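Residue-level structural notes
Given next are the chains, with one letter for each unit.
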Amino acid sequence: MTEIIDARGDLAGSWDVVIVGGGNAALVSALSAHDHGARVLLLERAPKAMRGGNSRHTRNIRCVHDSGDEFNSGPYLFDELWNDLCGVGTGPSDAELAEFTVRESASVPGWMSAHGARWQRPLHGTLHLGRTNRFFLGGGKALVNTYYRALARRGITVRYETTVTDFQIDGDRCTGLVVEADGLRQRVSARTVICAAGGFEANLAWLQQYWGEAANNYHIRGTEFNDGIVLRRLLDSGARTAGQERGFHAVAVDARSPRFDGGIATRLDSIPFGVVLNRDGRRFYDEGEDIWPKRYAIWGRNIAEQPDQIAYCCWDDKVDELFLPPMYGSYRADTIEDLAAKMGLYPVTATATIDEYNRAAPAEGTFDPTRPDGLATTGLTVSKSNWAQRLDTPPFRGVVARPGITFTYLGVAVDRSARVQRIGQSPFANVFAAGEIMSGNILSSGYLAGFGMTIGTVWGRVAGQEAARHALG
Ligand SMILES: Cc1cc2nc3c(=O)[nH]c(=O)nc-3n(C[C@H](O)[C@H](O)[C@H](O)COP(=O)(O)OP(=O)(O)OC[C@H]3O[C@@H](n4cnc5c(N)ncnc54)[C@H](O)[C@@H]3O)c2cc1C
């Protein structure tokens, strides 16, 4: 399949805006470009049944709002969201673009509702997001289906199983896209292009460049289609990067979960109320450092840095109902020794570690799972700062964990109009980006739950509008 032919069938034609990708950022870009009068073609690599990228796994979006309503339990003002964003990792990569994102988020729920989105009351769960985040009725899958239906009603052409593999660049312009579809390499022409093809988290070879062989033990929580080929081609064409190369969002997932696309349900939430051991049966990080919503996203990396990228989360019967249970169930035993053996840990070291932990846990004090309770260990090299109860109530339970990569941060730099920037030259005139592929402009490291969808929606709107304006102007 080497020869590139002119596009055939519904790929042929002169498109004002061609959108690469089929998740939230792509769909919002398509609706926005169409709202601004453009003829739009959307190219989704996945088959129809798997359309929607990582966006179909999402549940909520984080936006500024002045007051509570049926769907948010209270106000969440600009300053608070801004401070929350500044408090994660090393703060925003580009303060101006980040501030714009936060400001624009206020109009996002209204825009989404006007384009068909429906909402549901806050879900109870481990992350307590009911005030700050708005939940999609039926989750991200329902949201992307709604947007695809809106595209169909408008007569926007959507092509599935169509992979963009290259860009044809002349100076600062993209003159065409090379796509693989129907077993052919075809050249699609476009006045403007919006790249909304997600991160590169599903590309294990690329992850290996930064993480070595360890990457082979990572699980990818989202779609296997996000292999970063579009990002790679943009970088090869001179695009400037934004975001850290090694940056990724990763949580602890059940080691039994599928290698790709396990979604939300494989996450493990027992950590703050138990202890976590590494391959050698040792504790390695403070399980009770802070409340879970502020710490769940560091555990993927914590485990990634351990030998063999594996960890063993253990707890006892008295805390078993305090968190969402692991979806495949937990290992159970009446002694720590037997539990360790069942999970594949060397029982002698595991038992010694937990005995040592139990001796260091306070004999007195009131355990309170709803807030940092100050029940801390004393005298351990790796302390546990809160919820440090002894593991003394059988049956003991455990689950084996792996790093679950949610998305990567490295992307392309954009300006206020979502135009992709080039190294040492003027920006591309007609190439725009939205969503995860440019989230490194906003997030340096660290993450705020629900902000991925905010970035995709805010910047999808901008990219759609600016691309349409450029194409039609
Ligand atoms: C399990 C899980 C839960 C999450 N929960 C939330 C949440 O509740 N709230 C939140 O804000 N964020 C959440 N996130 C993060 C969120 O999914 C992302 O921030 C967001 O979906 C990114 O949207 P996107 O459109 O940029 O990328 P995606 O939705 O991943 O879409 C990328 C699209 O590009 C397509 N594509 C890739 N390569 C090509 C190519 N070469 N040619 C054509 N198409 C291509 C893919 O098939 C896909 O359709 C979650 C992520 C995961 C994995």
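Predicted model only: the values in this text are computed from it and were never measured. (Residues numbered from 1 in each chain as written. Predicted model: local features only at pLDDT ≥ 70, side-chain atom pairs only at ≥ 80, totals over all residues. Heavy atoms only, no water.)

1. Remarks on the overall build of the chain
The secondary structure content of the chain amounts to 12 helices and 19 strands. Principal-axis analysis of the C-alpha atoms places the extent of the chain at approximately 75 × 50 × 40 Å. By residue count, 59% of the 473 residues in the chain fall in the buried class. Long-range contacts, defined here as pairs at least 24 residues apart, represent 74% of the contacts in the chain between residues at least 6 apart. Of the roughly 18,300 Å² of accessible surface on the chain, 47% is carried by carbon and sulfur atoms. Within the chain, the 54 negative side-chain charges are centred at a point lying 5 Å from the centre of the 50 positive side-chain charges. (Helix = DSSP H or I, 4+ residues; strand = E, 2+ residues; numbered from the N terminus. Buried < 20%, exposed > 50% of the residue type's maximum accessible area, 1.4 Å probe, protein only. Contact = heavy atoms within 4.5 Å. Areas by Shrake-Rupley, 256 points an atom, 1.4 Å probe, with all protein chains shown as cover. Lys, Arg positive; Asp, Glu negative; His and termini not counted. Charge placed at Lys NZ, Arg CZ, Asp CG, Glu CD.)

2. What about the packing of helix 2 (residues 78–86) against helix 3 (residues 95–105)?
Their axes nearest at 10 Å, the elements helix 2 and helix 3 cross at an angle of 140°. With respect to helix 3, the element helix 2 is oriented oblique. In this structure, the crossing between helix 2 and helix 3 has a hand that is right-handed. Seen from helix 2, the contacting residues are F78, L81, W82 and L85; seen from helix 3, they are A95, A98, E99, V102, R103 and S105. Class assignment for the residues of the contact of helix 2 with helix 3 results in 7 nonpolar, 1 polar and 2 charged. (Axes fitted to C-alpha atoms, helices over the stretch in contact; angles between N-to-C directions. Parallel < 35°, antiparallel > 145°, perpendicular 65-115°, else oblique. Left-handed = near helix turned anticlockwise from the far one by under 90°. Nonpolar A, V, L, I, M, F, W, Y, C, P; charged D, E, K, R; others polar.)

3. Thoughts on the domain arrangement of the chain
Its domain assignment divides the chain into domain 1 (4–203 + 223–246 + 410–472) and domain 2 (249–404). Summarising the inter-unit geometry, the C-alpha centres of domain 1 and domain 2 are found 35 Å apart. Of the residues lining the interface, 13 residues belong to domain 1; the matching set on domain 2 comes to 12 residues. Taken over both partners, the interface formed by domain 1 and domain 2 buries close to 1,100 Å², and the fraction arising from carbon and sulfur atoms is 60%. Counting across the interface, domain 1 meets domain 2 through 1 salt bridge. Of the charged contacts in the structure, one is a salt bridge between D261 and R56, with a shortest N-O distance of 2.7 Å. Class assignment for the residues of the side of domain 1 that touches domain 2 results in 5 nonpolar, 4 polar and 4 charged. (Domains from an automatic or database assignment. Buried area = accessible area lost by both parts, 1.4 Å probe. Salt bridge = Lys/Arg side-chain N within 4 Å of Asp/Glu carboxyl O.)

4. Looking at the packing of aromatic side chains
Applying the stated criterion across every chain, the model contains 18 aromatic pairs. Look at F78 and W82: their rings are 6.3 Å apart centre to centre, the planes differ by 10°, and that puts the pair in the stacked class. Within this pair, F78 and its partner W82 are both found in helix 2, separated by 4 residues, close to a single helical turn. Summarising the aromatic geometry, the rings of Y148 and Y160 are spaced 5.9 Å apart at their centres and angled 40° between planes, so their arrangement reads as tilted. With Y148 in helix 5 (residues 139–154) and Y160 in the loop between strand 7 (157–159) and strand 8 (163–170), this residue pair connects regions lying 12 residues apart in the sequence. Neither Y148 nor Y160 differs from the other in exposure class; each is buried. (Phe/Tyr/Trp six-rings, centres within 6.5 Å; stacked < 30°, edge-to-face > 60°.)

5. Let's talk about the pairing of strand 6 (residues 133–136)
Burial along strand 6 is two-sided: N133 and F135 facing one way and R134 and F136 facing the other are all buried. Where strand 4 (residues 60–62) lies against strand 6, 3 bridges are found, and the strand directions are antiparallel. Within strand 6, the residue paired with R62 across the bridge is N133. (Pairing = 2+ DSSP bridges.)

6. A short note on the environment of V178
Along the polypeptide, V178 turns up in strand 9 (residues 173–181). Taking relative accessible area as the criterion, V178 reaches 2% and is therefore assigned buried. For V178 and T163, which are 15 residues apart along the polypeptide, the C-alpha to C-alpha distance reads 8.5 Å. Apart from residues lying up to four places away in sequence, V178 is in contact with I4, T163, V164, T165, D166, Q168, R185 and Q186.

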